[in-house]
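Close look at the chain arrangement
Each chain is listed here by its residues.
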Amino acid sequence: MNRAPQLLSGTAFALAAGLMWGLVFVAPLLLPHYSPALLAVGRYLAFGLICLPLALLDRLELQRLSHADWLVAVKLTLVGNFLYYLALAAAIQRAGNPLVSVIIGTLPVIIAIASNQRNAARDGRLPWRLLAPSLLLIAIGIGCVNQTEFSQLAQGETQRYVEGALIAFIALAAWTWYPIHNADWLRAHPDRNPRVWATAQGLVTLPISLLGLGLLWLWEGWQGGLAMPLGPDPLAFVGLMLAIGLFASWGGTLCWNEASQRLPTTLVGQLIVFETLAALAYGYLQRGHWPPALALLGVGLLVAGVIWALRVRPSPGPKPVH
């Protein structure tokens, strides 16, 4: 069977997801006075509200989901949405966009290694001797971009910078777990529409977000902090949350689900590099200057690593033992 159409369409969907997910890296910088918790709750409250009319269109498909399916959606939402974005926003506000982007950019390496061991029987095994050059190119590219950020670190910012890096590793762990387990469900249910699964995840964010907003409202009122529920710049906050709720949360999840059904988990995990590239591009646009030459070299190596990975074909994995 010719896998080329699946490979091409899956890669295109992964690219679209990366471009939309990259938007979330600039939101904490555009709203620096908002806490990471309020940004996370606002984003996923918007995501849940956007999914309500979509759920009406897909209500028959949503009714096919079992209680176990909804439980999986809740777990994916708590780890891959709330924990991930809470840590991501906190890290970006402390250490800046490029550093956090490249830490998250190690995901292709980590997911490829994890899923190549975990899912070999299902997806086939990508031979390490063929996969290693791709992973090495990606790792060196990430190192080049990271070096430019360390070289520009101002005096007195070291502690905050290190805190941001450490928090970014929490986000990294959450987003290592999410795509692997999300792909598990999608590959186990090839008859289900990825759009419906994205909508289901959006629906479960709504009650969780409302609960989180209520708790934050009580906390800020007790602390005498931000004016709740919309903070000091309501129009900017609502507009930005709706934009990333629609594009980054629902649109990005939909495109990623489509890619996950078409591609082996090891390969689709490497394509998360598109999110890193988009986040870096948006970050430098927000700063208003071109990235340094070393950073551009790193971006080139990242792209080369992805292109190399797309040329690798999985060999049949070991047959499961019954």
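Residues numbered from 1 in each chain as written. Predicted model: local features only at pLDDT ≥ 70, side-chain atom pairs only at ≥ 80, totals over all residues. Heavy atoms only, no water.

A few points about the overall build of the chain
Keep this limit in mind: Here a strand is any run of E in DSSP of at least two residues, a helix any run of H or I of at least four, and the numbering for each starts at the N terminus. Burial here depends on accessible area, computed with a 1.4 Å probe over protein chains only, as a share of the maximum for the residue type. Under 20% is buried, over 50% is exposed, and the range in between is partly exposed. Contacts are assigned to residue pairs that have any heavy atoms within 4.5 Å of one another. Accessible areas in this description were obtained via Shrake-Rupley with a 1.4 Å probe; residue shielding takes into account the shown protein chains only.
Scanning the chain for helices and strands turns up 15 helices and 0 strands. For the chain, the proportion of its 322 residues judged to be buried stands at 53%. Residue pairs in contact within the chain that sit at least 24 positions apart in sequence constitute 88% of those at least 6 positions apart. When the accessible area of the chain is evaluated, it comes to approximately 14500 Å², of which 70% is carbon and sulfur surface.

Considerations on the packing of helix α5 (residues 67-95) against helix α10 (residues 158-188)
This is how the line gets drawn: Lines fitted to C-alpha atoms define the axes here, with helix axes fitted over just the stretch in contact, and angles between the N-to-C directions of these axes take values from 0 to 180 degrees. Should an angle fall under 35 degrees it is called roughly parallel, over 145 degrees roughly antiparallel, and 65 to 115 degrees roughly perpendicular, with every other angle called oblique. We call a crossing left-handed when the near helix sits turned anticlockwise from the far one by less than a right angle, and right-handed when that turn is clockwise. For this scheme, ten residues count as nonpolar: Ala, Val, Leu, Ile, Met, Phe, Trp, Tyr, Cys and Pro. Four count as charged, namely Asp, Glu, Lys and Arg, and the remainder, Gly too, count as polar.
It is at 8 Å that the axes of α5 and α10 come closest, and there the two elements cross at 160°. In terms of orientation, α5 lies roughly antiparallel with respect to α10. Note that α5 runs across α10; the crossing there is left-handed. Its residues assigned to classes, the contact of α5 with α10 comprises 21 nonpolar, 5 polar and 5 charged.

Focus: empty space enclosed by the protein
Stated precisely, the cut-off is as follows: Of the two site types, the cavity is a set of points on a 1 Å grid over the protein atoms alone where a 1.4 Å probe fits but cannot get out, and the pocket is an open set with protein on both sides within 12 Å along at least five of seven lines, each lined by residues with an atom within 4 Å of a point. Grid points are joined across faces, edges and corners, and a volume is the space filled by probe spheres set on the points.
Taken as a whole, this structure holds 2 cavities of 30 Å³ or more when the rule is applied. In this structure, the largest cavity encloses a volume near 90 Å³. In terms of lining residues, the largest cavity is bounded by 13 residues, among which Trp21, Arg43, Tyr44, Asn81 and Trp175 are the most central. Mapped onto the lining of the largest cavity, the elements with two or more residues apiece are α3 (36-57), α5, α10 and α12 (234-262). Considering only residue class, the lining of the largest cavity consists of 7 nonpolar, 4 polar and 2 charged. Estimates place the volume of the second largest cavity at around 30 Å³. Split by residue class, the lining of the second largest cavity holds 4 nonpolar, 1 polar and 2 charged.

Observations concerning the pattern of salt bridges
What counts, and what does not: Any Lys or Arg side-chain nitrogen found within 4 Å of a carboxyl oxygen on Asp or Glu counts as a salt bridge.
Inspection of every chain in the model, using the stated rule, returns 7 salt bridges. Notably, a salt bridge pairs Asp69 with Arg192, separated by 3.9 Å at the nearest N-O pair. Within this pair, whereas Asp69 is found in helix α5, its partner Arg192 is found in the loop between α10 and α11 (194-223), the two being separated by 123 residues in sequence. You can call Arg192 buried: its relative accessible area is 14%. Of the charged contacts, one joins Arg192 and Asp191 as a salt bridge, the two residues approaching to 3.7 Å between their closest N and O atoms. One network of salt bridges, with partners in common, ties together Glu61, Arg64, Asp69, Asp191 and Arg192.

Interpretation note: all reported values are geometric properties and have no functional meaning in isolation.
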